[in-house]
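The primary structure of each chain is shown beneath.
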Amino acid sequence: MNMKFLVTPAVLLLAACATSLSEDEAQKQAVSMMKSSFKAQGQASLARLDQDEVQATCSKYPPGATITKDVADKIEKAQFAAIKYPAKLMGDWKAGERVAQIGTGFQFSDGPTAPVGANCYACHRMSKGEISYGTIGPSLYQFGKLRGTSQPIQQYTYGKIYNSNAYTACSNMPRFGHSKILTEAQMADLTALLLDPASPVNQ
Amino acid sequence: MSRLSFAAGALLALCCGGTIAQTAAEGIERYRQMIAEGNPAELFEAKGEDIWKQKRGPKRASLEQCDLGLGPGVVAGAYAQLPRYFKDADRVMDLETRLVHCMVTLQGISDADAKRNPYSTPERPSDMESLVSFVTAESKGVKMNVALSHQKEREMYQIGEKMFYYRGGPHDFSCATCHGEDAKRIRLQDLPNLTNTKDAQRAYTTWPAYRVSQGTVRTFQWRLFDCFRQQRFPALEFTSDASIALTTFLAKNANGGTLAAPALKR
């Protein structure tokens, strides 16, 4: 009994030293501190610091963290419902390859008329020929060869580019259609890059 | 072996290897070793020492009495314990913020003037880049030791951690998108996992760095500024609280790593 009496204040002291703010308080202060620490520049306004529901939720699930099924289901369902498909899902793979290579767009250093790219190669292996590829995302080499070009596969491919979170909640991949980063034509061209049997992805 | 043939060998390794990515990484590593023998950052260190000792500003004073945390005028080892809480300013400060503070208080330079030119361009060199080179070089070989002994330091660490995971902007990126997992790359560029001690140490202890591609020494403030640019966020303000909070988080995670800055990077 005496031992317990002695130990408890020491444990309390240790806990007080380890953290100062509650999780909620730290988050609140982080948000207000960021708002006073950034300034609008070029095309990047301060509104970019405001999170939508997906961003707010996903900030709690960093890469590698396990998302509970109900949280994931809720995000995926809502994001899937908002996908808009064009009449023609597959465009020109050659144009898609150019979009996949471009890394500019939406940075405050990019002029308003600078090309906006998808920068696929930054994170994905895509073709045999391009050896300068990143590994944040999975390899997409032979994506179409393994899946074919059926209507459901076209829909899935376009939908995944349009909104990655419709299929994988809190994916690292930008929501290219949902967030209006790419045009419908660009996303259809990327769908072709992934699925067209003639595309370097499927060689 | 001459540098030229060494470079040609590295290039050959880049083009014609069996496992291409692995060979490319080895080639890049050899290239780094090759150019590390003569780091142009030394020129910035020498210039920074001159600026440190020069009498400047309305008060015609040097920075030699600047307290970087270990007492007035003590430069050796100071960088290894930053950011830290400074009682005289009642604020947690990183190196750049503290240098601005000393310019204002010791030399009488206005806060706006002290912050005017943090990142050089080819036409406009930056005194801040030189000063940071000088001070950080005085901690070479010293182990990172951010104590978080003050409550405000602990709070800044916690806030910085939240910022690290904060997703936003048109692309939903956070720091963790690129720096939250082991052994990832963008194109061929290896990405340190800043939540893993070994990677965090290696990354933090090699900033600031002379960037070959930019022809100048870039500071840690610049590193964060340019990460957020690529993250598609607005512009991080120089010496802002958010920059200090994030630096506190990253510096603490690098504790125990031996400082090797200013380093040399591509």
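Quantities reported herein were computed from a predicted structural model and do not represent experimental measurements.

Here the focus is the overall build of chain B. Secondary structure summary: chain B contains 11 helices and 8 strands in total. With 266 residues in all, chain B has 50% of them scored as buried. A separation of at least 24 residues holds for 66% of the contacts in chain B among residues at least 6 apart in sequence.

The next point concerns the overall build of chain A. Counting its regular elements, chain A contains 8 helices and 1 strand. Reading the helices (α) and strands (β) of chain A from amino to carboxyl end gives α-α-β-α-α-α-α-α-α. Relative to a compact globule of 203 residues, whose C-alpha radius of gyration would be 17 Å, chain A shows 22 Å and is clearly more extended. Each principal axis of the C-alpha atoms in chain A carries an extent, and together these give about 80 × 40 × 35 Å. Looking at chain A as a whole, 37% of its 203 residues are labelled buried.

Residue and element names in this part refer to chain B. Overall, the prediction assigns chain B a mean pLDDT of 91, with 89% of residues at 70 or greater. Ignoring residues within four places in sequence, the model shows residues 1–18, a span with pLDDT below 50, making 14 contacts including any to other chains. If you check the scores for this complex, the pTM reads 0.90 and the ipTM reads 0.91.

What follows is about the interface of chain B and chain A. Taken together, the contact between chain B and chain A spans 40 residues of the former and 45 residues of the latter. Looking at the side of chain B that touches chain A, the elements that each hand over two or more residues are helix H7 (151–164), helix H8 (175–179), strand E3 (184–186), helix H10 (220–230), strand E7 (235–236) and helix H11 (241–253) of chain B. Counting residues per element, the side of chain B that touches chain A draws most heavily on H7 of chain B, at 7 residues. For the side of chain B that touches chain A, the residue count by class is 16 nonpolar, 11 polar and 13 charged.

Our focus in this paragraph is the packing of helix H4 (residues 95–107) of chain B against helix H6 (residues 127–137) of chain B. Residues and elements named next belong to chain B. Two numbers describe how H4 lies on H6: the axes approach to 11 Å, and their chain directions differ by 110°. As the angle between them shows, H4 and H6 are arranged roughly perpendicular. The way H4 lies across H6 gives a crossing that is right-handed. Note on element contacts: H6 touches H4 through Met-128, Leu-131, Val-132 and Val-135, opposite Leu-95, Glu-96 and Leu-99. Considering only residue class, the contact of H4 with H6 consists of 6 nonpolar, no polar and 1 charged.

The omega torsion across Leu-82 of chain B and Pro-83 of chain B is 0°, close enough to zero to call that bond cis. Here Pro-83 of chain B shows up in the loop between helix H3 (41–53) and strand E1 (84–86). Between Ala-261 of chain B and Pro-262 of chain B the backbone carries a cis peptide bond, its omega angle lying at -5°. Relative to the helices and strands, Pro-262 of chain B is located in the loop between H11 and strand E8 (263–265). Phi at Asn-119 of chain A is positive, roughly 55°, even though this residue is not glycine. Relative to the assigned elements, Asn-119 of chain A resides in the loop between helix H5 (93–101) and helix H6 (143–147). We classify Asn-119 of chain A as buried; it has 21 C-beta atoms within 10 Å. Positive phi values are uncommon outside glycine, yet Arg-187 of chain B reaches one of about 50°. The topology assignment puts Arg-187 of chain B in the loop between E3 and strand E4 (189–191).

Now for the sheet that holds E8 of chain B. Residues and elements named next belong to chain B. Taken in spatial order, the 3 strands line up as E6-E5-E8 in an open sheet, and their pairing is mixed. Strands at the two margins of the open sheet, each flanked by one partner only, are strand E6 (216–218) and E8. Sheet twist, expressed as the mean angle between neighbouring strand axes with direction ignored, is 40°. Summarising the sheet, strand E5 (residues 209–211) and E6 pair through 3 bridges and their orientation is antiparallel. Residue pairing in the sheet places Tyr-210 in a bridge with Val-217 of E6.

Attention now goes to the packing of helix H7 (residues 151–162) of chain A against helix H8 (residues 184–195) of chain A. The packing of two helices is summarised by the inter-axis angle and the distance between the axes. Residues and elements named next belong to chain A. Between H7 and H8, whose axes approach to 9 Å, the crossing angle comes to 125°. With respect to each other, H7 and H8 are oriented oblique. Of the two possible hands of crossing, H7 and H8 adopt the one that is right-handed. Listed contacts from H8 to Ile-153, Gln-154, Thr-157, Tyr-158, Ile-161 and Tyr-162 of H7 are Met-187, Ala-188, Leu-190, Thr-191, Leu-194 and Leu-195. Classifying every residue of the contact of H7 with H8 by side-chain character gives 9 nonpolar, 3 polar and no charged.

What follows is about the nonpolar core. The biggest cluster of nonpolar side chains holds 71 residues, and the ones touching the most others in it are Val-135, Met-163, Tyr-204, Ala-245, Leu-246 and Leu-250 of chain B. Looking at this core, the element that brings in the most residues is H11 of chain B, giving 7 residues. What Tyr-204 of chain B contacts, discounting residues up to four positions off in sequence, is Met-144, Leu-250, Ala-251, Ala-254 and Gly-257 of chain B. In terms of nonpolar packing, the next biggest core, distinct from the first, is built from 28 residues, Cys-120, Tyr-121, Leu-182 and Leu-195 of chain A among them.

Residue and element names in this part refer to chain B. Inspection of the secondary structure puts Glu-96 in helix H4. Look at Glu-96 and you get buried, because 28 C-beta atoms sit within 10 Å. With 147 residues separating them in the primary sequence, Glu-96 and Ser-243 have C-alpha atoms 10 Å apart. Sequence-distant contacts of Glu-96, defined by excluding residues within four places in its chain, comprise Pro-118, Met-128, Val-132, Thr-219, Gln-221 and Thr-239.

The next thing to look at is H11 of chain B. The end-to-end C-alpha separation of H11 of chain B is 18 Å, in line with the 18 Å expected for 13 residues at 1.5 Å each. By the criterion of burial, H11 of chain B is predominantly enclosed, with 13 of the 13 residues buried.

A few words on the confidence of the model for chain A. When pLDDT is averaged along chain A, the result is 92; 91% of the residues meet or exceed 70. This stretch, residues 1–13 of chain A, has a pLDDT under 50; its non-local contacts, to residues over four places away or in other chains, come to 0 contacts.

Conventions and cut-offs
Residues numbered from 1 in each chain as written. Chains lettered and ligands numbered in written order. Predicted model: local features only at pLDDT ≥ 70, side-chain atom pairs only at ≥ 80, totals over all residues. Helix = DSSP H or I, 4+ residues; strand = E, 2+ residues; numbered from the N terminus. Buried ≥ 20, exposed ≤ 12 C-beta atoms within 10 Å, placed from the backbone. Contact = placed C-beta atoms within 7 Å. Rg over C-alpha atoms; globule rule 2.2 N^0.38 Å. pLDDT = per-residue confidence, 0-100. Nonpolar A, V, L, I, M, F, W, Y, C, P; charged D, E, K, R; others polar. Axes fitted to C-alpha atoms, helices over the stretch in contact; angles between N-to-C directions. Parallel < 35°, antiparallel > 145°, perpendicular 65-115°, else oblique. Left-handed = near helix turned anticlockwise from the far one by under 90°. Pairing = 2+ DSSP bridges. Core = buried A, V, L, I, M, F, W, Y, C linked by C-beta atoms within 7 Å. Expected span 1.5 Å × (residues − 1).

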